[in-house]
Amino acid sequence: MTIARAIDVGFGNTKYTYSSKGGDIKCGLFPSISHWSTVDPTKELIGEKRDTVAVPVENMFHEVGPGIGAAKGRYRATNMHDGFIDTPEYRAFVKGALHYMNEDRIDVLVMGLPLKHLVGKRAALERAWVGEHTLGHGRKVVVEQVKVFAQPQGALAHYSMTTGQQSVRKGDLNLVIDPGQRTFDWLLSRGMTLIQQQSSSTDRGMFDIVRTIAEMISADLGEEYQDFEAIDDAIRSRKPLILYQQPYAMQRFKPVIEQVTREAVARLQEHIRDVAAIQNILLVGGGAQVFKAAVKHAFKRHRITDVAEPVFANVRGFQCIGEEILQQRTKRPMPEQSAGVSV
């Protein structure tokens, strides 16, 4: 049996697929946060074991996984910089995702990159993950082939293959908007073919909102406050922070959220031409709900299509692409509509 799997490493979360049967694609995620050590930190645990794994990267162990919040010394290693893809932490997140897939062999692994890095980083990323990789607990996995696509292309592929929208296949204009932790990506396609000149990204994601709010809270408290995860959770849940055992209202930061989201969408509008001809607008990604009002305001005359579990839209699409690659190998027709993703 051949196996296709998908990974989408984001600045906020690492997403992966671990099962796909009859069109039901099961996904998992964990924070893009690591706890590094010169020895396996999970062996030092006393009592109940947290849901993490320590993977070896460059003579170090990096503990990653859903339970990383309980680890001492946890570190959001991204630093929100363009070199993130080349860091040991990025490799740890990929290895962590491979571990949680629980496969010994993967025939096709599909991965994603922000649009701004697709041309420059794609070939190197594809080469880096072909072959045998040592994971946690002495396990290994062999990856036969790796294909890398722009992150929003995954969402477009999933939309095409699961909704049967003929417009995606016929060549109408499609816009995928993908607000993430650090970047705000958008993809314009003619059918399933990326229009590179009008697809791009800007560094205006959730982190800009969270960091600005953290600075304002610090000024209000008269001390440094950098619990970015707590702020992010409060924004998404629309609940107050709890500071010094008291609720701290987030409503006062609404203008900050509106300003950052408007700036991001304005950058998109500078690039997109023929707005009236756009047939489908998909809003995906972990920041979809936070950016939704700004997107709706910018595209008042369009219907904005939300997707279920937008944080998994890209990685589910990558899984669809991987399965299509396997189908093409055996020259059997797909039972469902072909994604036909191209650049």
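Peer 1: Lay out the sheet that holds strand β4 (residues 35-37) in plain terms, naming residues and giving numbers.
Peer 2: If you trace the three strands from one edge of the open sheet to the other, you get β4-β6-β5, paired in antiparallel fashion. Unpaired on one side and paired on the other, β4 and β5 (53-57) mark the two borders of the sheet. Across the sheet, the axes of successive neighbouring strands diverge by a mean angle of 30 degrees, strand direction being ignored. The sheet contact formed by β5 and strand β6 (residues 60-64) spans five bridges and is antiparallel. Pairing of valine 53 across the sheet is with valine 64, part of β6.

Peer 1: Explain the nonpolar core residue by residue, including any values.
Peer 2: If you look at the biggest cluster of nonpolar residues, it comprises 60 residues, and the most contacted ones within it are Ile7, Tyr90, Val94, Leu98, Leu109, Met111 and Leu125. Among residues more than four places away in sequence, those in contact with leucine 125 are Ile85, Tyr90, Met111, Leu113, Val146 and Val148. Formed by 39 residues, the second largest nonpolar core is a distinct cluster that contains Ile231, Ile281, Val290 and Phe299.

Peer 1: Hey, could you go over the sheet that holds strand β3 (residues 24-31) for me, with residue numbers and the actual values?
Peer 2: Read across the sheet, five strands follow the order β3-β2-β1-β8-β11 without closing on themselves; strand pairing throughout is mixed. The two strands at the open ends of the sheet, each matched to only one other strand, are β3 and β11 (146-150). Averaged over all adjacent pairs, the angle separating strand axes in this sheet is 20 degrees, with direction ignored. As defined by bridge partners, strand β1 (residues 4-9) adjoins strand β8 (residues 108-113) across four bridges and the pair is classed as parallel. Bridge pairing links alanine 6 to valine 110 in β8. The strands touched by helix α1 (residues 88-101) are β1, β2 (13-21), β3 and β8; relative to β1, the strand with the most contacts, the crossing angle is about 145 degrees. Strand contacts of helix α2 (residues 118-128): β8 and β11, with the helix running at about 165 degrees to β11, the strand carrying the most contacts.

Peer 1: So what's going on with the packing of helix α3 (residues 151-163) against helix α9 (residues 313-330)? Which residues, and what values?
Peer 2: It is the contact of α3 with α9, at a shortest axis distance of 6 Å, that shows an interaxial angle of 70 degrees. By the angle between their axes, α3 is roughly perpendicular relative to α9. As α3 packs across α9, the resulting crossing turns out to be left-handed. Facing α3, whose interface residues are Gln151, Pro152, Gly154, Ala155, Ala157, His158 and Met161, α9 presents Ala313, Asn314, Arg316, Gly317, Phe318, Cys320 and Ile321.

Peer 1: Which residues make up unusual backbone geometry, and what are the values?
Peer 2: In the Ramachandran plot, glutamate 58 falls in the positive-phi region, its phi being about 50 degrees despite a non-glycine side chain. Residue class for glutamate 58 comes out exposed when judged on its relative accessible area of 51%. Although it is not a glycine, aspartate 274 adopts a positive phi angle of roughly 55 degrees. Relative to the helices and strands, aspartate 274 is located in the loop between α7 (254-271) and β18 (278-283).

Peer 1: Please set out the environment of arginine 91 residue by residue, giving values where relevant.
Peer 2: Tracing the sequence through the fold places arginine 91 in helix α1. Arginine 91 sits 37 residues away from alanine 128 along the chain, and the two C-alpha atoms are 9.6 Å apart. Excluding anything up to four places from it in sequence, arginine 91 contacts Val57, Glu58, Asp86 and Trp129.

Peer 1: Break down the pairing of strand β10 (residues 140-143) for me, citing the residues and quoting the values.
Peer 2: Only one face of β10 is covered, namely the one carrying Val141 and Val143; the face carrying Lys140 and Val142 has none of its residues buried. As paired elements, strand β7 (residues 105-106) and β10 share two bridges and run parallel to each other. Note on β10: the bridge partner recorded for arginine 105 is valine 142. In this sheet, β10 lies alongside strand β9 (residues 131-134) in antiparallel orientation, the contact comprising four bridges. The partner of histidine 133 across the bridge, within β10, is valine 141. From the end of β9 to the start of β10, which pair antiparallel, there are five residues, and histidine 137 there has a positive phi angle of about 60 degrees.

Analysis parameters
Residues numbered from 1 in each chain as written. Predicted model: local features only at pLDDT ≥ 70, side-chain atom pairs only at ≥ 80, totals over all residues. Heavy atoms only, no water. Pairing = 2+ DSSP bridges. Helix = DSSP H or I, 4+ residues; strand = E, 2+ residues; numbered from the N terminus. Axes fitted to C-alpha atoms, helices over the stretch in contact; angles between N-to-C directions. Core = buried A, V, L, I, M, F, W, Y, C linked by side-chain atoms within 4.5 Å. Buried < 20%, exposed > 50% of the residue type's maximum accessible area, 1.4 Å probe, protein only. Contact = heavy atoms within 4.5 Å. Parallel < 35°, antiparallel > 145°, perpendicular 65-115°, else oblique. Left-handed = near helix turned anticlockwise from the far one by under 90°.

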